[in-house]
Amino acid sequence: MSVFRFGIALGLLATPLAAPSAQEGGFDVRAHIEVMQMGQKGASRPAAGNIVVWLTSESVIASTSVDSVAPGHFRMEQKNKGFNPHLLVVPLGSTVEFPNLDPFFHNVFSQFNGKRFDLGLYEAGSNRVVRFDHEGISYLFCNIHSQMGAVVVTLRTPYFAVATGRGEIDLHHVPPGEYQVHVWAEGADARQLDALTRRVHIASGELELGAIQVSVPGIMPPHKNKFGEDYKPDPVQSY
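Residues numbered from 1 in each chain as written. Predicted model: local features only at pLDDT ≥ 70, side-chain atom pairs only at ≥ 80, totals over all residues. Heavy atoms only, no water.

For the protein, the helix and strand inventory stands at one helix and 17 strands. Looking at the protein as a whole, 44% of its 239 residues are labelled buried. When contacts within the protein are restricted to residue pairs at least 6 apart in sequence, long-range pairs at least 24 apart make up 69% of them. Summing over all exposed atoms, the protein offers an accessible surface of approximately 12300 Å²; the carbon and sulfur share of this is 52%. (Helix = DSSP H or I, 4+ residues; strand = E, 2+ residues; numbered from the N terminus. Buried < 20%, exposed > 50% of the residue type's maximum accessible area, 1.4 Å probe, protein only. Contact = heavy atoms within 4.5 Å. Areas by Shrake-Rupley, 256 points an atom, 1.4 Å probe, with all protein chains shown as cover.)

Turning next to the sheet that holds strand β7 (residues 94-97). Strand order in this open sheet of three strands is β3-β7-β10, and the pairing throughout is mixed. A single partner strand is all that each edge strand has here, and the edge strands are β3 (73-75) and β10 (129-132). Each strand of the sheet is rotated relative to its neighbour by a mean of 25 degrees, with strand direction disregarded. (Pairing = 2+ DSSP bridges. Axes fitted to C-alpha atoms, helices over the stretch in contact; angles between N-to-C directions.)

The next point concerns the packing of aromatic side chains. Taken as a whole and assessed by the stated rule, the structure comprises four aromatic pairs. When the centroid spacing of 5.9 Å and the interplanar angle of 85 degrees are considered together, the rings of Phe117 and Phe132 count as edge-to-face. With Phe117 in strand β9 (residues 117-118) and Phe132 in strand β10, this pair connects stretches of sequence that are 15 residues apart. Like Phe132, Phe117 is buried. Three or more aromatic residues link up through ring pairs in this structure, and these residues are Phe98, Phe117 and Phe132. Over the ring of Phe104 we find Lys81, and its NZ or CZ is 5.8 Å from the ring centre. (Phe/Tyr/Trp six-rings, centres within 6.5 Å; stacked < 30°, edge-to-face > 60°. Lys NZ or Arg CZ within 6 Å of the ring centre and 35° of its normal.)

See the structure below:
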């Protein structure tokens, strides 16, 4: 993946508010994403829907394990030369099916950090399934259609949230303890994202993480195919 400039400011001071009831089994953690588009003066702020925030525990003051979540089964469709949804966050060990709903061939692959796989060429109406047994960020592409791209974020913690279009982050029912806060944003340099990891203490009430300010590129640069080569023009489809 290409490297982008990434700016972020993260306030990590706890602001205790009203404590939740015992039935809820934990507390709320909230933040707000502010997205700015680089290199475009006067451009409107893009939506923050491709940003994920999650917590991993250091020590837990609770009887339940926070770093475990049951795997599930998910679906990412290939339709109209695109992936739907574009972003999936799945528990470690989950399976994702990739049905081809287009009237032509696709070849889904991932060769970056995370789960590496190559589903090969498969025809319209067929399906493939991948088990995401490696924690991390998997960037997915089609070896035939250069415009196709998607992301699967594989986590072992149940405490994560994808930012809403307005940039809101809400994590619920988090047990008290020491946690690491992690942020991922599409287009950001992984080394800079790693540097943003912070420790927070959840003891009571609601934890406000403050504003997370992210600069994203206006246009994602082109990527190579699975052979490390430039894409050829899309073949003319006859159907």
